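Chain residues, written in single-letter form:
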Amino acid sequence: MLNKFSKLDKFGFDGRPNGFFCMVIYSTHKDEELYALLKQGDKNAFMEIFERYYNLLIIYADKRLKNRPEAEDVVHEVYTSLWTRRSEVNIQTSLASYLYQSVRYQLLNIFAHQKIEGKYLKSLQDHVANFSDQADYRVREKDIMELINRQVDLLPTKMRDVFLLSRRENLTHREIAEVLGTTEENVARHITRALKILRTKLGLFLYYYMLFRFR
């Protein structure tokens with residue numbers, strides 16, 4: 001059986017903490033201290049976070065997926081994102097809440113891509129809607145909108161302009177055509193293509209969330 005630290009090879013780590021003494025020192029740090037060190041690129045802090053929450057997150061994901069290998073993939077993706085985006089991540093709740101919430105995002109996307117029954121997907125969406133009442137596990141709307149805006153920004157320039165005028169400024173096709181000096185047919189074509197691209201990039205849950213927010 002592979003040691004769980006072997007999964008850290010992807011980060012350029014040697015698969016184990018840098019010595020027993022170092023491991024003991026970092027194990028005494030509070031989450032807030034580890035997070036501060038992580039932001040500075042401290043690999044040992046990252047490995048302690050990995051050690052501290054890896055098994056708990058696997059159990060959490062596996063209970064919902066009923067698939068251990070897939071649960072491990074989900075958790076590894078969360079840790080990959082945490083390390084590669086360490087300088088950008090801004091945790092305003094607790095480290096544990098952030099990790100559980102990140103796993104939850106991944107699970108929602110998996111369920112959406114599998115096109116599970118609408119009733120189950122709705123129950124997940126309702127669960128997310130109620131996170132505001134659960135301080136440790138609430139979904140931050142700001143984070144969701146950042147994900148959506150990032151994908152919108154990646155659209156081709158003309159398509160993005162048309163999409164934003166339609167969805168954010170609530171202009172009609174005719175008004176957009178007049179503003180951009182094009183035809184209503186071109187406007188409709190750009191919006192249709194933009195929606196197709198965003199549905200593929202965002203997954204069903206975030207796609208419908210975007211439609212709800214931008215309507």
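Remember, it's a predicted structure, so these values are computed and weren't measured experimentally.

A. Examining the overall build of the protein more closely. Looking only at helices and strands, the protein has 10 helices and 0 strands in total. For the protein, the sequential pattern of α-helices and β-strands runs α-α-α-α-α-α-α-α-α-α. Looking at the protein as a whole, 40% of its 215 residues qualify as buried. Of the roughly 12500 Å² that the protein leaves accessible, carbon and sulfur atoms contribute 51%.

B. Here's a closer look at the pattern of salt bridges. Within this structure, the stated rule accounts for 5 salt bridges. A salt bridge links E48 to R52; the shortest N-O distance between them is 3.1 Å. Here E48 pairs with R52, and both are found in helix α3 (residues 43–65), just 4 residues apart, close to one helical turn. The exposure class of E48 is buried, given its relative accessible area of 9%.

C. Seen up close, the nonpolar core. Of all hydrophobic cores here, the largest spans 34 residues; its most connected members are I49, Y79, L99 and V103. Secondary-structure elements contributing two or more residues to this core are α2 (31–39), α3, α4 (68–84) and α5 (95–113). Sorting elements by how many residues they give to this core places α3 first, with 12 residues. One finds I144, A177, A194 and L198 within the second-largest nonpolar core, a separate group that totals 18 residues.

D. Structural view of unusual backbone geometry. Here the phi dihedral of K66 falls at roughly 55 degrees; this positive angle occurs in a residue that is not glycine. As for its placement among the helices and strands, K66 is situated in the loop between α3 and α4.

E. Structural view of the packing of helix α8 (residues 157–167) against helix α9 (residues 173–180). Here α8 crosses α9 at 135 degrees, and the two axes come no closer than 10 Å. Relative to α9, the element α8 is oriented oblique. At the point where α8 passes α9, the crossing takes the right-handed sense. Facing K158, V162, L165 and S166 of α8, the residues of α9 in contact are I176, V179 and L180.

F. A look at the side chain of D42. Assignment of secondary structure puts D42 in the loop between α2 and α3. Of the side chains bearing the opposite charge, R86 lies closest to the buried D42, which forms no salt bridge; the N-O distance is 9.5 Å. Every residue in contact with D42, bar those within four places of it in the chain, is listed here: Y26, L37 and W83.

G. Main features of the packing of aromatic side chains. Overall, the coordinates contain 5 aromatic pairs when judged by the stated rule. Taking 4.9 Å as the distance between ring centres and 55 degrees as the angle between the ring planes, the aromatic pair formed by F50 and Y79 counts as tilted. In this pair, F50 sits in helix α3 while Y79 sits in helix α4, placing the two residues 29 residues apart along the sequence. Y79 shares its class with F50; the two are buried. Centre to centre, the rings of Y60 and Y100 are 5.3 Å apart; their planes meet at 90 degrees, and the pair counts as edge-to-face. Residue Y60 is located in helix α3, and its partner Y100 is located in helix α5; the two are separated by 40 residues in the primary sequence. Taken together, the ring pairs in this structure connect F46, F50, Y54, Y79 and W83 into an aromatic cluster. When the ring centre of W83 is taken as origin, the NZ or CZ atom of R86, which lies over that ring, is 3.9 Å away.

H. Highlighting the environment of M159. Structurally, M159 can be placed in helix α8. For M159 and T192, which are 33 residues apart along the polypeptide, the C-alpha to C-alpha distance reads 9.6 Å. Excluding anything up to four places from it in sequence, M159 contacts H190, R193, A194 and I197.

I. A look at the packing of α3 against α4. One can describe the packing of α3 onto α4 by two numbers: an axis separation of 8 Å at closest approach and a directional angle of 145 degrees. Crossing hand, α3 versus α4: right-handed. Along the contact surface, α3 presents K43, F46, I49, F50, Y53, Y54, L57, I58, A61, D62 and L65, while α4 presents R68, E70, A71, E72, V74, V75, Y79, L82 and W83. Looking at the contact of α3 with α4 residue by residue, the class counts come to 15 nonpolar, no polar and 5 charged.

Parameters and conventions
- Residues numbered from 1 in each chain as written.
- Predicted model: local features only at pLDDT ≥ 70, side-chain atom pairs only at ≥ 80, totals over all residues.
- Heavy atoms only, no water.
- Helix = DSSP H or I, 4+ residues; strand = E, 2+ residues; numbered from the N terminus.
- Buried < 20%, exposed > 50% of the residue type's maximum accessible area, 1.4 Å probe, protein only.
- Areas by Shrake-Rupley, 256 points an atom, 1.4 Å probe, with all protein chains shown as cover.
- Salt bridge = Lys/Arg side-chain N within 4 Å of Asp/Glu carboxyl O.
- Core = buried A, V, L, I, M, F, W, Y, C linked by side-chain atoms within 4.5 Å.
- Axes fitted to C-alpha atoms, helices over the stretch in contact; angles between N-to-C directions.
- Parallel < 35°, antiparallel > 145°, perpendicular 65-115°, else oblique.
- Left-handed = near helix turned anticlockwise from the far one by under 90°.
- Contact = heavy atoms within 4.5 Å.
- Lys, Arg positive; Asp, Glu negative; His and termini not counted.
- Phe/Tyr/Trp six-rings, centres within 6.5 Å; stacked < 30°, edge-to-face > 60°.
- Lys NZ or Arg CZ within 6 Å of the ring centre and 35° of its normal.
- Nonpolar A, V, L, I, M, F, W, Y, C, P; charged D, E, K, R; others polar.

In short, shape yes, function no, at least from these values alone.
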